[in-house]
Each structure stands twice: as C-alpha cells, then as structure tokens.
Amino acid sequence: MCKLCDEGKPQAHSGSRRNFMKVAAATGVAATGLNLFTPRPAAANTSDAPEGGGQAGRRYIIRGGAVMSMDPAVGDFARADVLVEGKKILAVGPDLSAGGASVIDARGRIVMPGFIDTHHHQFETALRSFLADGILINDGSGSPSADPTYYEYILQKFAPVYRPQDVYINELFGGLSQLDDGVTTVHDVSQIHHSPQHSDAAIQGLIDTGRRAAFGYFESAGAVAGNRYPSDAYRIKRQWFSSSDQLVHMIMGGEVYLGPDSLSQSWKIGRELNLQIAAHILSPFGIRPTLDALAQGVGGNGDTALGPDNLFIHMTGMSDMGWQGVKDAGAQVSLAVPIEMNMRHGAPPILKMQSLGLEPSLSVDVECTMTADFFTQMRSMMTMQRMVVNQMVLEQGNFTYPNQWPTPSGKPALLNVRDVLRYATMNGAKALRLDSKVGSLTPGKEADIIILDATAINVAPLNKVPGAVVSLMDRSNVETVIVAGKVRKWKGQLLNVDLPRLRRQLEDSRDYVFSKAGIAQDLFRG
C-alpha cells in the first residue's frame, strides 16, 4: 500500500510490501482481516488539487499568499508565490512567471514550511487520553497521578501485548492525524520492536502515511521474549533503507537506561550503519552519571562517547558536565515541553540551553497524556519560558512603587514567536539531519509546505503573520498540506483516506490491547 509505488513511482524499500505480507501470513498478523493494504477511497473532491504533484516535471504555483520562508536569505513576503516542480521548490517571490502551471490560490492564506516533530511514540495512538493525569513513575503518594503511570502501565502492561497489526494501525492513524495538523515530518520513537514483524509493521505504517519520517529503532518495551533488538538493525537498514533519498529514513535508538552492555552495543551498531543515535535523557533512572561518563568518553562499557550523531530527548536534570559534553559534541536536543511539565520529567531546560547558546527542536512525545498538536508545542514552549523569566525579572524589584517594574538585568531573553517557529521547523530539520532537504521554503529544497487559513474566524483580521500562527491558530486553520511536492491535505480534508474505516480498525486495536493487558475500559476513570 505504498502510495508512491502504486502510482508508478517505485521507492527503494526493497520489496517491502511483499516481504511484509509474507511475514504477516506466516505469523498470523491477519493483514487481510484488517484490509491494511486495500486502496482507500478519497474522502474529498480532488478536482481542484494540482494533478501529478510530486512527479518529475509536473509544476504548480502557490499564488498570492503571505509567505513566511523561515530562511533569512529568502525572506518573508506579504504577498508572494511559491513555484513547485516535481518534489522541489523552484522559486519563491512576488509575481513569479509559471507558464501553464496549475495554480493554488493562497490569497488570505499563510504559506510556510511544514512542522517537524522530533520525538513521538506513535504506537500509543490507541491509548490517547488514558494517562491524562499520570506521571512518569509511581511516586507512592496514592494520588490519581501515581496510578496509573507511564512506566508501569504504558510500557509494562500495554506495550508488550501489541501485535504487528496493532503497531501498523497505530502508526498509520497517528501519522495521518499529525499530517492533518500540518506536521510534515516525524521521528517515530516506538519502543515496540518485539519481533522483526513488529518492526516491519511500524515501517510500513510510516510509509503508508505519505509523510516524511525518521523510523526510530528502539527496544522492546517489557523486553518481550524473542525480540531481536538491537541486532535486527542490520536487516532493517538493508531491507528498508538502502537509499539515502527516501521519504522515510532510519535512526538508531540507544537508550542509556538499558545498561552498559546495551548502550555500548546499540551505539556501536548505529555508528557502523552511519545512523543517528537517539536516547531519552531525563531526571530518573540514574541517567545523570551515565551522561557524565559519556561526556568523558567512558560511557557504556568504557568505550562509548558523545558525538554529533546524537539526538537527546528531554535533557532534564543533567549536570553541567553533561551539558558541556552535549554542546562540545554538537549533539541535538529535542524538548517536549507539555509532557516534561506534566509528567515530572523535570523542568524543560530551555534556560540552560540559552545560557550555552544552544537551541532545541520541539516534539510531541506521548498522546496518552497530551495532544500531538504542534501549535500547542510552540505556545507551551514560549509561555513556559516567558513565565519563568518574567518572574525572575519581577523579583529583581520589591513589588512596591517605584521598584515594582524593574528593567531586566542579567536575565535570559524572552522567547518570541519567531524563536518557537524556528524550533518547530528549521531546528527540527537540523535535529533529524534533514536541513538540506526541508525546514524552510528555500529554492532547491523539497516542497514540504503548509497553507494556513488566515481568514478564519479565530484569526481574522491578519495583523502579524508569525504571531497569528503561534498565538491564534490550531488544526482547523491547516487548509492544505504538501509533502515532497504532493498534496496530502486539500481544502481541509486529507486525501485518499477512508477515515471511518481506519477509526474502526484503531478502535478494534484498542479493544484488543486493553483486553489482553487486563485493563478495564472506563471512560470516566480518574
């Protein structure tokens, strides 16, 4: 069901669907029962969408929008055009000549790069909102936040019972949901690799979503018997990711909390395969001394060091030594601010990053606790940082006239809307080694573009483009989504998606996972 292959544009995933179907038949995945590979009818009238978008030689032009390129060399335009040919951006500017190219009318719209999510556990889509009150680990308090919790329930009870078909529908539905929200790229961090069949199902789900993705090959949550992590990375890379020019690529998961043997082995494999190596780095699980050892070049079994190939998630509760090691190595940092604040990961370390001259990318983390909406990620980052800094500034005074409104001195700069837009686009591209391809509307880059409705009742009248996107907009404003030149959402509707049928499959998966895990479904628990 790889849509690009079906449309006569073969992708280099080495017979992926054939291999996946063989595995499914051999292991009882029941792919046919779920109709996982049946072409889906379109859910929207596509007559106005540019035909052949993403195909070599096919052109269309996005005309008359307020263009926010996220590239200082290109600039921003109150009214301009974006010319696309095949999967790439040809030109950005006012009154472009496009010959007979199809036209997307963007008057009254904002045109900008798609959002990039650098850390998302998509296998948990069926568990949405289950853990809205929960924290990371049971703290013994007996409060509603202490039971259920993420570690004990999501990773230890639910995750181990997932079948390959559960992995597939969770990946597909979660990916489509974010595509609808304008997130054109994701790093999927699904600790669900109980077997090669589970891994293949996750990859197929990412491919069939039709958006750009990094497949994160992490461990088997619950250490399910028979899992082949991390050694199956060699097969996965060879079978699915033989080309460097694919919509989906691979990242090696190398969790430091799995112990020194696993750390050394997974990082060694990742570097042998020339993959990025990603890991959760956060306050619990004794991670601080582990990161310190890595910063000194003696991590794992004494043979592992930090490098520019590292992508670290959260970075809460770490020492100055650990932070300096991350900076010196040129490693990337992904922050999931709403989750970090909500689940007791520790305070999001944006002030520490500012003090070191570093910038994060943004990520969703887990939908069992919080929305995957990227407007929420930007607003949360900005308001959290400004709340902390504003209070620091106020406390420089004495809350009494004439010293109740002091001039800031020696405090971090307040984040602004352009900062968090950069975190959500270009910084995400850099974090996933995709900045030469996407992250900005730069001629020569691939056309990952979103068109946002600024005439809508929650935005009009438009007074400031960056401010409108960050402070006012939500999913309802995402009108058109384009990935590698191909229109995936048009006039507010995902294309070629039978959403009711997919929702039923997701609900069936949810029912199975709850039942198998022995957890009663209760819509008003808490």
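Residues numbered from 1 in each chain as written. Predicted model: local features only at pLDDT ≥ 70, side-chain atom pairs only at ≥ 80, totals over all residues. Heavy atoms only, no water.

A. Layout of the overall build of the protein chain. Regarding its fold elements, the protein chain presents 17 helices and 17 strands. Across the 526 residues that make up the protein chain, the buried fraction comes to 59%. Excluding contacts between residues fewer than 6 apart, the proportion of contacts in the protein chain whose partners are at least 24 apart in sequence is 74%. If you sum the accessible surface of the protein chain, you get close to 20,300 Å²; carbon and sulfur atoms cover 51% of it. For the protein chain, the distance from the average site of its 50 positive side-chain charges to the average site of its 52 negative ones is 5 Å. (Helix = DSSP H or I, 4+ residues; strand = E, 2+ residues; numbered from the N terminus. Buried < 20%, exposed > 50% of the residue type's maximum accessible area, 1.4 Å probe, protein only. Contact = heavy atoms within 4.5 Å. Areas by Shrake-Rupley, 256 points an atom, 1.4 Å probe, with all protein chains shown as cover. Lys, Arg positive; Asp, Glu negative; His and termini not counted. Charge placed at Lys NZ, Arg CZ, Asp CG, Glu CD.)

B. Seen up close, the pairing of strand β14 (residues 449–453). In terms of burial, β14 is a largely internal element, five of the five residues being buried. Here β14 shows no split at all, with Ile-449, Ile-451 and Asp-453 on one side and Ile-450 and Leu-452 on the other all buried. Bridge count for β14 against strand β15 (residues 478–483) is four bridges, and the pairing is antiparallel. Bridge pairing links Ile-450 to Val-481 in β15. (Pairing = 2+ DSSP bridges.)

C. Molecular detail of the packing of helix α6 (residues 196–209) against helix α7 (residues 233–240). One can describe the packing of α6 onto α7 by two numbers: an axis separation of 11 Å at closest approach and a directional angle of 35 degrees. The handedness of the crossing between α6 and α7 comes out as right-handed. Taking contact as the criterion, the partners of Pro-196, Ser-199, Asp-200, Ile-203, Gln-204 and Ile-207 in α6 are, on α7, Arg-235, Ile-236, Gln-239 and Trp-240. For the contact of α6 with α7, the class distribution of residues is five nonpolar, three polar and two charged. (Axes fitted to C-alpha atoms, helices over the stretch in contact; angles between N-to-C directions. Left-handed = near helix turned anticlockwise from the far one by under 90°. Nonpolar A, V, L, I, M, F, W, Y, C, P; charged D, E, K, R; others polar.)

D. Expanded view of the side chain of Thr-149. With respect to the helices and strands, Thr-149 occurs in the loop between β6 (115–120) and α4 (150–158). According to the relative accessible area criterion, Thr-149 is buried, its value standing at 1%. Not counting chain neighbours up to four residues away, the residues in contact with Thr-149 comprise Leu-131, Ile-135, Leu-136, Ile-137, Asn-138 and Ile-154.

E. How the structure looks around the sheet that holds strand β12 (residues 332–335). Read across the sheet, eight strands follow the order β6-β7-β8-β9-β10-β11-β12-β13 without closing on themselves; strand pairing throughout is parallel. The sheet terminates laterally at β6 and β13 (361–362), the two strands that pair on one side only. Note: strand β7 (residues 183–190) against strand β8 (residues 212–217), six bridges, orientation parallel. The residue of β8 that forms the bridge with Asp-188 is Phe-215. Against the sheet, α6 contacts β7, β8 and β9 (248–253), and its axis sits at roughly 170 degrees relative to β8. Strands in contact with helix α8 (residues 260–272) are β9, β10 (277–281) and β11 (310–314); relative to β9, the strand with the most contacts, it is inclined by about 150 degrees.

F. A look at unusual backbone geometry. Geometrically, the link from Asp-147 to Pro-148 is a cis peptide bond, its omega value of 10 degrees lying close to zero. Along the chain, Pro-148 turns up in the loop between β6 and α4. Of note, the bond from Ala-460 into Pro-461 is cis; its omega dihedral lies within 30 degrees of zero at 0 degrees. Structurally, Pro-461 is set in the loop between β14 and α16 (465–471).

G. Main features of helix α10 (residues 320–329). Buried within α10 we find Gly-322, Trp-323, Gly-325, Val-326 and Ala-329. What you see down the axis of α10 is that its buried residues fit within an arc of 160 degrees, all on one side. Facing away from the buried side of α10, by more than 90 degrees, are the exposed residues Asp-320 and Asp-328. Downstream of α10 by a residue or two, Gly-330 has a phi angle that is positive, lying close to 75 degrees. (Arc of directions from axis to C-beta.)

H. Looking closely at the nonpolar core. Counting residues in hydrophobic clusters, the biggest one holds 117 residues, and the most contacted among them are Phe-115, Phe-215, Phe-312, Met-378 and Val-469. The element contributing the most residues to this core is helix α5 (residues 164–180), with seven residues. For Val-469, the contacting residues outside a window of four places in its chain are Met-68, Ile-110, Met-112, Phe-115, Phe-375, Met-378, Arg-379, Leu-421 and Leu-452. Grouped together as the second largest cluster of nonpolar side chains are 20 residues, Ala-106, Ala-447, Ile-482 and Leu-495 included. (Core = buried A, V, L, I, M, F, W, Y, C linked by side-chain atoms within 4.5 Å.)

I. Structural view of the pairing of β11. Among the five residues that make up β11, five are buried, leaving the element largely enclosed by the rest of the structure. Pairing of β10 with β11, which is carried by five bridges, proceeds in the parallel orientation. The residue of β11 that forms the bridge with His-280 is Ile-313. The parallel pair β10 and β11, bridged by helix α9 (residues 287–295), forms a crossover whose chirality is right-handed. By the bridge criterion, three bridges tie β11 to β12 in an arrangement that is parallel. Looking across to β12, one finds that Ile-313 is bridged to Ser-334. In terms of handedness, the path from β11 via α10 over to β12 forms a crossover that is right-handed. (Right-handed = clockwise from strand over helix to strand, strands pointing away.)

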